[in-house]
Amino acid sequence: MVDLEKAPPARSPEGEPVPRADGEGCLVVAVRLPVRIVALVLVLPVRMAWDALVVAGRFLRDTVLRPVGRALAWLGRALFVWPLVGLWRYVVVPVAKGVGWLGNVLLVVSAVWVYRWVLTPVGRALAWCCAGVGAVLAALGRGLYAGLAWLARYLVVVPAGWLYAWVLTPIGHLLAWCGRGLARCGRGVLWCLGKVVTGIGAVLYWTVRILLVLPALAVWRWVLAPVGRALAVVGRELLDALGHAWRIAGHLSRAVGRALAALFRWTVAEPARWVYRSVLTPVGHAVRDTVLRPLAEAARAAGRAGRQALRSARLSVRQARADLRRTLFGEPERPPSVDRREPSGAKARTLGSSTTALTKD
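Residues numbered from 1 in each chain as written. Predicted model: local features only at pLDDT ≥ 70, side-chain atom pairs only at ≥ 80, totals over all residues. Heavy atoms only, no water.

(A) Representation of the side chain of Ser253 within the structure. With respect to the secondary-structure elements, Ser253 resides in helix 1 (residues 26-329). In contact with Ser253, other than residues within four places in its own chain, are Arg47, Met48 and Asp51. (Helix = DSSP H or I, 4+ residues; strand = E, 2+ residues; numbered from the N terminus. Contact = heavy atoms within 4.5 Å.)

So, in structure tokens, the structure goes:
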């Protein structure tokens, strides 16, 4: 919140007022409050509109954009990613493996065989021939180098040394003596020119200093610097006012939003909840107990009666079909029933006793 009360000035232990550390004067304190009030009036509608847009954007993002984005992402995967993955996995990769194997068989193996059994022997033979020719050429080159070195020594090096020692050295000494004399004269001329240039430079320096630098320094010190400080104070106060106004507008916007939410809750949500809980729920329970449940019981009873009637009809039809078959084709022969629960030893004794009885008869 904005501090609207002016803080009391600090005082030293002797009772004298202490100047503030930030250097603010009475003009700054007098301008600050109106500027902040104006900034609050201007920024409050903008902040409330911004908060409303933020709430609408979040609602739109959560209810529309995010489901649409997920649906589009799934549709994109179904239309593009999965077909491309299937094409890559089941078409491109097998074809590439087949092409690689075929290239290995047709190119790599053949190239290795040609390199091993053709190029390597030919290269070794060429290297042996080149080594012999190189040895011959090296011998010829060493002889030719020795001859040329002897000729160059006695035709070039020895005459050049004599010429340097007896001709060029005296001429060089003479030229060096002349150069030293010219250098002494040049230093004197340069010293005179330096003095002249120094005097001209001093005159130009003081002229430029008096005509340009000192007026510019005075303008900077007594005009531009105070104006800049004032503009800096105004700008800082404007920025501080905008920041305070934005924060206060946020608190006010939040309070307005909470008031609107409470108004909506007490005018729409709570009545709707009371109607649902106090009116619609008892009516629904009454309709369920008095109408829907008897109808469900009646429907279940009708279903059971219908299923029993259908079962009786199927049994009647099955019995009539059996009677008709018995009338037309007679009683079917039934295989002798065998007691499967009787043990194997008892069955053998029964068969043995029946065979003995037949033999006696």
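There is more to say, and it comes next.
(B) Quick peek at the pattern of salt bridges. Scanning the entire structure with this criterion turns up seven salt bridges. Note that Asp289 and Arg288 form a salt bridge whose closest N and O atoms lie 3.5 Å from each other. A relative accessible area of 37% places Asp289 in the partly exposed class. The partner of Arg300 in a salt bridge is Glu297, with the nearest N and O atoms 2.4 Å apart. Pair noted here: Arg300 and Glu297 are both in helix 1, with a separation of three residues, about one helical turn. On the basis of relative accessibility, which here comes to 40%, the residue Arg300 falls in the partly exposed class. (Salt bridge = Lys/Arg side-chain N within 4 Å of Asp/Glu carboxyl O. Buried < 20%, exposed > 50% of the residue type's maximum accessible area, 1.4 Å probe, protein only.)

(C) View of a positive patch on the surface. On the surface, Arg304, Arg307, Arg311, Arg314, Arg318, Arg321 and Arg325 cluster together to form a positively charged patch. Counting through the fold element by element, Arg314 comes out in helix 1. (Patch = residues over 30% accessible without salt bridge, like charges linked within 9 Å, V, L, I, M, F, W, Y side chains within 5 Å. Areas by Shrake-Rupley, 256 points an atom, 1.4 Å probe, with all protein chains shown as cover. Lys, Arg positive; Asp, Glu negative; His and termini not counted. Charge placed at Lys NZ, Arg CZ, Asp CG, Glu CD.)

(D) How the structure looks around the packing of aromatic side chains. All chains considered together, the criterion is met by three aromatic pairs. Note on Trp150 and Tyr154: the rings are 5.2 Å apart at their centroids and 50° apart in plane angle, and the pair reads as tilted. Placement of the pair is Trp150 and Tyr154 together in helix 1, with a separation of four residues, close to one helical turn. Residue Tyr154 is classed as partly exposed on the basis of its relative accessible area, which comes to 47%. Ring geometry for Tyr205 and Trp206: centres 5.4 Å apart, planes at 75°, overall edge-to-face. Given the relative accessible area of 46%, Tyr205 is considered partly exposed. Residue classification places Trp206 among the partly exposed positions, given a relative accessible area of 49%. Taking NZ or CZ as reference, Arg153 lies 5.9 Å from the ring centre of Tyr154, over its face. (Phe/Tyr/Trp six-rings, centres within 6.5 Å; stacked < 30°, edge-to-face > 60°. Lys NZ or Arg CZ within 6 Å of the ring centre and 35° of its normal.)

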